[in-house]
Amino acid sequence: MKHSPHSRSDADRIPTREHIVHPANPGLLLPLRRSWRRLGDIDYADPECRCLVTCCTRDRAPLFGPVRRIRIVRDTLLEERDRRGFGLLAYTILPDHAHLVLDPGRSGVSIGRIVGGWKSLVARRLWPTGVERTPWQRDYDD
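Residues numbered from 1 in each chain as written. Predicted model: local features only at pLDDT ≥ 70, side-chain atom pairs only at ≥ 80, totals over all residues. Heavy atoms only, no water.

**Some details on the overall build of the protein chain**
Scanning the protein chain from N- to C-terminus turns up three helices and five strands. Counting from the amino terminus, the protein chain carries its helices and strands in the arrangement α-β-β-β-α-β-β-α. A total of 142 residues make up the protein chain; the buried ones form 35% of that total. The contacts in the protein chain between residues at least 6 apart in sequence include a share of 59% that link residues at least 24 apart. For the protein chain, the exposed area adds up to about 8,900 Å²; of that, 52% sits on carbon and sulfur atoms. (Helix = DSSP H or I, 4+ residues; strand = E, 2+ residues; numbered from the N terminus. Buried < 20%, exposed > 50% of the residue type's maximum accessible area, 1.4 Å probe, protein only. Contact = heavy atoms within 4.5 Å. Areas by Shrake-Rupley, 256 points an atom, 1.4 Å probe, with all protein chains shown as cover.)

Following this line, the structure appears as structure tokens:
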């Protein structure tokens, strides 16, 4: 696999303005630091790269509880797999998140582009079911 130019130590130096309360000392605020959500030494466009991806709903709302919505999420995933040519080894859709095991396969794009395109299409297809804004958290975990 090819290596990325980013390293975790680079991400540790990117400060944010957000803070959390220290668990042992409630009067002390600790700064949160942004971190790279992807592993630094993985080429996510390599056809042999296989990832377990977790995509959560915004605020972990159980949006995929109704069967109709689960079918939209599933059908969109399977249609995108067939259209783009990525590998989908396994998936599960729960009320507030989805797990996918996938690889770029013959798609020619990275895992991030695959997941981003799928999430965007799911959001548009869920609007007629009463989901008024994007159902997803901003990113995903692998």
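**A word on the sheet that holds strand β3 (residues 51–56)**
Reading across the sheet, the three strands line up as β3-β5-β4 and stay open at both edges, with antiparallel pairing between neighbours. With one partner strand each, in any of the chains shown, β3 and β4 (87–94) form the two edges of the open sheet. Pairs of neighbouring strands in the sheet enclose a mean axial angle of 15°, with direction left out of account. Where β4 and strand β5 (residues 97–103) come together, seven bridges link them in antiparallel fashion. Residue I93 lies in a different strand from β5, and its bridge partner there is A98. Sitting on the sheet, helix α2 (residues 67–84) is in contact with β4 and β5, with an inclination near 170° to β4. Contacting β3 and β5, helix α3 (residues 111–126) runs over the sheet at an angle of about 30° to β3. (Pairing = 2+ DSSP bridges. Axes fitted to C-alpha atoms, helices over the stretch in contact; angles between N-to-C directions.)

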